[in-house]
Amino acid sequence: MHVTLPHSYPTKEPQLFVRSDFLEKQQHNDLNKCLSSFISSLDRGDLCIMNAVQWLKDNLPSYIQNTKHSSEHESNLERVRTFHRMWIYSHHIYRQELKKKILDCAKCLNLTGFCLTGKPGIICVEGEKDQCEEFWRDIRYPNWKHISCKHAETMEVTGIIDNLRLFSSFEELIFAAHGDYGLRNDYHMDLGQFFDYLKQHQSEHIFQILFGIEG
């Protein structure tokens, strides 16, 4: 269960979502909708995370049981999955809480890739398409200006998608920087080092897509 607490919690209800390898997409949607409804029914001002955990323990088994029945027919069939890779451009990424949110969200969704902090800010995530799109929704909330998805790659594959990944984990990239303008530390990343990093991961073609120039 992934928990996001607003600054005004518990006056304002938290954002919760549950993910399980035992549930299909529709079961995930139904479970999270019911969990959200349960949280909304509680009195505001009361701590509610432990109540949510207890609700989940009480109700999750029925969702898993339903999934087992619905998937028996497909148990011997290989599942077609959609692999997705997103290249995201931002004017800059400086704030520690934002960097933490990006790393936590990517790891929670089992995505690999990187986050290049500083100016410009570049994010790459790869994995299941639904999870990439969920990451994209989460990091833009509530209103991240100067950010766009510059390029996306999608491929349907039968079975395991890990062979399509270019990155083995999700990491924060820190390269040499230049420029220091007052308290803002308005530093620019060394894009030459970034281009070399892309080459190491068979992605040098993306440099021109991101910046409009060849490496």
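Just above, that's the structure.
None of these values were measured; they are calculated from a predicted model.

Calculation notes
- Residues numbered from 1 in each chain as written.
- Predicted model: local features only at pLDDT ≥ 70, side-chain atom pairs only at ≥ 80, totals over all residues.
- Heavy atoms only, no water.
- Patch = residues over 30% accessible without salt bridge, like charges linked within 9 Å, V, L, I, M, F, W, Y side chains within 5 Å.
- Areas by Shrake-Rupley, 256 points an atom, 1.4 Å probe, with all protein chains shown as cover.
- Salt bridge = Lys/Arg side-chain N within 4 Å of Asp/Glu carboxyl O.
- Helix = DSSP H or I, 4+ residues; strand = E, 2+ residues; numbered from the N terminus.
- Buried < 20%, exposed > 50% of the residue type's maximum accessible area, 1.4 Å probe, protein only.
- Pairing = 2+ DSSP bridges.
- Axes fitted to C-alpha atoms, helices over the stretch in contact; angles between N-to-C directions.
- Polar contact = N/O pair within 3.5 Å; in protein donor to acceptor, adjacent residues only side chain to side chain.
- Contact = heavy atoms within 4.5 Å.
- Core = buried A, V, L, I, M, F, W, Y, C linked by side-chain atoms within 4.5 Å.
- Parallel < 35°, antiparallel > 145°, perpendicular 65-115°, else oblique.
- Left-handed = near helix turned anticlockwise from the far one by under 90°.
- Nonpolar A, V, L, I, M, F, W, Y, C, P; charged D, E, K, R; others polar.

Visitor: Teacher, can you tell me more about a nonpolar patch on the surface here?
Guide: A cluster of nonpolar side chains, Met-1, Val-3 and Leu-5, forms an exposed patch at the surface whose accessible area comes to about 230 Å². You can see Met-1 is positioned in the segment before strand S1 (2–4). Residue Met-1 is classed as partly exposed on the basis of its relative accessible area of 36%.

Visitor: It is not clear to me how the pairing of strand S3 (residues 80–90) should be interpreted in this structure. Could you clarify?
Guide: Note: S3 against strand S6 (residues 147–158), eleven bridges, orientation antiparallel. For Ser-90, the partnering residue across the bridge sits in S6 and is Ile-147. Sheet topology places S3 next to strand S5 (residues 121–128); eight bridges connect them, and they run antiparallel. Of the residues in S5, the one forming a bridge with Arg-85 is Glu-126.

Visitor: Would you mind showing me how to read the sheet that holds S5 here?
Guide: Hydrogen bonds between backbone atoms are what pair the strands of a sheet, whose relative direction is either parallel or antiparallel. Strand order in the open sheet formed by five strands is S6-S3-S5-S4-S7, with mixed pairing between adjacent strands. The outermost strands of the open sheet, each flanked by one partner alone, are S6 and strand S7 (170–173). Across the sheet, the axes of successive neighbouring strands diverge by a mean angle of 10 degrees, strand direction being ignored. One ladder, built from five bridges, connects strand S4 (residues 112–116) with S5; its direction is antiparallel.

Visitor: What's the story with the side chain of Arg-165 in this structure? I'm lost.
Guide: Position of Arg-165 relative to the elements: it lies in the loop between S6 and S7. For Arg-165, the side chain forms a polar contact with the main-chain oxygen of Asn-110, separated by 3.3 Å. Within polar-contact distance, the side chain of Arg-165 engages the backbone oxygen of Glu-126 at 3.0 Å. Leaving out residues up to four positions away in the same chain, Arg-165 has contacts with Phe-83, Arg-85, Asn-110, Leu-111, Thr-112, Glu-126 and Gly-127.

Visitor: Please explain the nonpolar core as it appears in this structure.
Guide: Across soluble globular proteins, nonpolar side chains have a tendency to be buried as a group. Membership of the largest hydrophobic core comes to 21 residues, with the highest contact counts inside it found for Ile-102, Ile-123, Phe-135 and Ile-139. Within the residue set of this core, elements represented by two or more residues are S3, helix H3 (96–108), S5 and helix H4 (129–140). Per-element tally for this core: the top contributor is H3, with five residues. Beyond its immediate sequence surroundings of up to four residues, Ile-102 is in contact with Ile-93, Cys-115, Ile-123, Phe-135, Ile-139, Trp-144 and Phe-170. Core analysis: the second largest hydrophobic core is formed by 16 residues, Phe-114, Leu-116, Cys-124 and Ile-206 among them.

Visitor: I would appreciate a short explanation of the packing of H3 against H4 in the present structure.
Guide: The description of two helices packed together rests on the angle between their axes and the distance between the axes. Direction vectors running N to C along H3 and H4 enclose 155 degrees, while the axes themselves pass 10 Å from each other. Between H3 and H4, the angle is such that the two are roughly antiparallel. Handedness of the H3/H4 crossing: right-handed. Contacts between H3 and H4 involve Lys-101, Ile-102, Cys-105 and Ala-106 from the former and Phe-135, Asp-138 and Ile-139 from the latter. Its residues assigned to classes, the contact of H3 with H4 shows five nonpolar, no polar and two charged.

Geometric descriptors of this kind do not, in isolation, establish any biological role.
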